[in-house]
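# Descriptive analysis of the structure
The lines below spell out each chain.
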Amino acid sequence: MKDFDGDGKFDKIMIDHETKKIVFLLSSLDYKKQTSLAFSELPKSAILEETKNGFKFENKIDNIVFTTYFRYNRQTKTIDLTALKRKIVSDDYSIENGESSFITATQEFIGKWLSLDKNSNKVISLPTLKTKLDLQPILLNDFNDDYLKKFDQQSMAFYKAEISKQK
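To start, this report covers the structure provided alongside it. (Residues numbered from 1 in each chain as written. Predicted model: local features only at pLDDT ≥ 70, side-chain atom pairs only at ≥ 80, totals over all residues. Heavy atoms only, no water.)

## Thoughts on the sheet that holds strand E3 (residues 33–35)
An order of E1-E2-E3 is seen for the three strands of this open sheet, with the pairing classed as antiparallel. Only two strands of the sheet have a single partner each, and these edge strands are strand E1 (12–16) and E3. Strand-to-strand twist of the sheet, defined as the mean angle between neighbouring strand axes without regard to direction, takes the value 25 degrees. Note that E1 and strand E2 (residues 21–25) share five bridges and pair antiparallel. Residue Ile13 lies in a different strand from E2, and its bridge partner there is Phe24. (Pairing = 2+ DSSP bridges. Helix = DSSP H or I, 4+ residues; strand = E, 2+ residues; numbered from the N terminus. Axes fitted to C-alpha atoms, helices over the stretch in contact; angles between N-to-C directions.)

What follows is the structure, given as structure tokens:
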């Protein structure tokens, strides 16, 4: 892939579908194999892609696409989750439809959803929700879909609160 740890040597990050883990080998750690925790849901469609400052991991669970962003932390010599996005796209606007994101450094949550207006039956954008989220930062070594499910539950709770405000 690319040099994640900044030592001028290429590092390797891949998905092991057999063990249902993300595997990473950093040159600064002599390519010692490290892994995420095992995922209960890791479809073949899951992907890893390089980003400017690290990589992203995209995993679809049911009708939700989760995109997680990771970066190497030179001080702690770990790969940290920096941001998380959750997107639901459906033709049925009577259920949750839209996206939410979370930035770990600031604990900022942003929700942008679409819904059906109960009076006109037209698709409307709900007001953008910005709030703090109590979701602890996590290292790639401790990451799996349990973290995604926690984020999903909290996003769903915010969505239900916002939708209940609609007349």
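Next comes the rest of the write-up.
## Side note on helix H1 (residues 145–164)
The end-to-end C-alpha separation of H1 is 28 Å, in line with the 28 Å expected for 20 residues at 1.5 Å each. Within H1, the full set of buried residues consists of Asp145, Tyr147, Leu148, Phe151, Asp152, Ser155, Tyr159 and Glu162. Down the axis of H1, the buried side of the element spans an arc of 135 degrees, and every buried residue falls inside it. In H1, the exposed positions that point more than 90 degrees away from the buried face belong to Gln153, Lys160 and Ser164. The backbone nitrogen of Asp146 has a side-chain oxygen 2.9 Å away, supplied by the residue at the start of H1, namely Asn144. (Expected span 1.5 Å × (residues − 1). Buried < 20%, exposed > 50% of the residue type's maximum accessible area, 1.4 Å probe, protein only. Arc of directions from axis to C-beta. Polar contact = N/O pair within 3.5 Å; in protein donor to acceptor, adjacent residues only side chain to side chain.)

## Quick look at the packing of aromatic side chains
Each pair of aromatic rings is reported with the distance of its centres and the angle of its planes. A full pass over the atoms with the stated rule returns 12 aromatic pairs. With centroids separated by 5.8 Å and ring planes inclined at 70 degrees, the aromatic side chains of Phe39 and Phe143 adopt a geometry described as edge-to-face. Note that Phe39 is positioned in the loop between E3 and strand E4 (47–51) and Phe143 in the loop between strand E11 (129–132) and H1, a separation of 104 residues in sequence. There is no split in this pair, since Phe39 and Phe143 are both buried. Through a chain of ring-to-ring contacts, three or more aromatic side chains come together here, namely Phe4, Phe39, Phe55, Phe57, Phe70, Phe143 and Tyr147. (Phe/Tyr/Trp six-rings, centres within 6.5 Å; stacked < 30°, edge-to-face > 60°.)

## A look at the pattern of salt bridges
Per the stated rule, a full pass over the model turns up five salt bridges. Between Glu41 and Lys149 there is a salt bridge, with the nearest N and O atoms lying 3.7 Å from each other. Residue Glu41 is located in the loop between E3 and E4, and its partner Lys149 is located in helix H1; the two are separated by 108 residues in the primary sequence. Take Lys149: its relative accessible area is 30%, and that puts it in the partly exposed class. Between Lys56 and Glu49 there is a salt bridge, with its nearest N and O atoms 3.6 Å apart. Overall, Lys56 belongs to the buried group, its relative accessible area being 19%. Classification of Glu49 as partly exposed rests on a relative accessible area of 35%. Connected through shared salt-bridge partners, Arg86, Glu96 and Asp152 make up one network. (Salt bridge = Lys/Arg side-chain N within 4 Å of Asp/Glu carboxyl O.)

Shape is all these values report; function is a separate question.
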